[in-house]
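Chains, contacts and geometry: an overview
Chain residues, written in single-letter form:
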Amino acid sequence: MDKEKQREKYGIAGAVATIMQIQMLVVGLALVLTAYGIIVSFDSPSRLIVYILQAVTCIAILVFGLFHFHKKEKMYFKGVVFAYAALEAIRCTLLGTTGVDKIPAYAARLIMVALACLSVLLGERLGERKANFIAALILFLEAALYLIFAYAFATGRLIFKLLPLVGILIAGSLYLFNVAKVKQKEYFESH
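Read on for a plain summary of the structure. Throughout this description, residue numbers start from 1 for each chain and increase along the sequence as written. Local features in this predicted model are restricted to residues whose pLDDT is 70 or higher, and side-chain atom pairs enter the listing and the counts only when it is 80 or higher, whereas totals over whole chains, interfaces and linings include all residues. Remark: hydrogens and water are excluded; side-chain values derive from all non-hydrogen atoms of the structure.

Considering the overall build of the protein
Helix and strand definitions follow DSSP, with helices as H or I runs of at least four residues and strands as E runs of at least two, each counted in order from the N terminus. The helix and strand tally for the protein stands at eight helices and zero strands. Secondary structure elements in the protein, listed N-terminal to C-terminal, are α-α-α-α-α-α-α-α. For this measure, only C-alpha atoms enter the radius of gyration; the expected value for a globule follows 2.2 Å times N^0.38, where N is the number of residues. Taken against the 2.2 N^0.38 rule, which gives 16 Å for 191 residues, the C-alpha radius of gyration of the protein at 17 Å falls within 12% of a compact globule. On the principal axes, the C-alpha backbone points of the protein span a range of 60 × 30 × 25 Å.

Details of helix α3 (residues 45-68)
Under the convention used throughout, the expected extent of a helix is 1.5 Å for every residue step, that is, one less than its residue count. Taking 1.5 Å of rise per residue, 24 residues should cover 34 Å, and α3 covers 33 Å from first to last C-alpha, within 8% of that figure. For α3, every residue scored as buried is listed here: L48, V50, Y51, Q54, A55, T57, C58, I61, L62, F64 and H68. Against the buried residues of α3 lie α2 (15-39), α4 (75-94), α7 (158-162) and α8 (165-190). Burial classes: relative accessible area under 20% of the type maximum marks a residue as buried, over 50% as exposed, and values in between as partly exposed (1.4 Å probe, protein chains only). Residue contacts are defined here by distance: any two heavy atoms, one from each residue, within 4.5 Å place the two residues in contact.

Take a look at the structure:
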C-alpha cells in the first residue's frame, strides 16, 4: 500500500505508521511471553489471574490495532484502555507483598492505583492532544513500577523478572495509539 492510500484509510502514514507496525509485533511477543508466564504459574492462582488478564489486554491491543484502528469511533480504543485499567486494579488487589519491605510494597500498590485511575481518565480523553500527556504519565509510572518489581519483588526465576515488562509494552502501546489517533483525527478533519 503506498503512502497516500495508507493515509486515506488509516489517517496516518510514514514514521508513525511504521512505529505502529513495529509496536504490534512487540505486543505479539509480549503475548507469547505472557502465555509462557501462564504456563509456569499454575501453582500461584493470583499470578495466573494477572497473567491471564495481561494476555487478554495484549489480545485486545492486537485486535484493535489490526482490525479497528482505522475506525473513527472511540469505543474500540476505549475498550482497550479499560481492559488495561481493569488489569491494573486487579493486579493491585492480588499483589502479594509477603517478604517485601513496606515502602516498596506500598509504592507498588499506590502506583497501580494511580495507573488504574489514569487509565480511566485517558479513556475519557481519547484522541485529544492533552491525553498524550496522560498516556506518557502512564508509561512513566509503569516503568517505575517495573523497577520496583525488579528490585524489591525479585524472585529467582528470570521469567518473573521479565513478565512485568509486558506492562511497559502495554502502556507504550496506549501512548502510541493515542498519538496516532490524534494525528488520524487531525487528518480526517482537514480532509
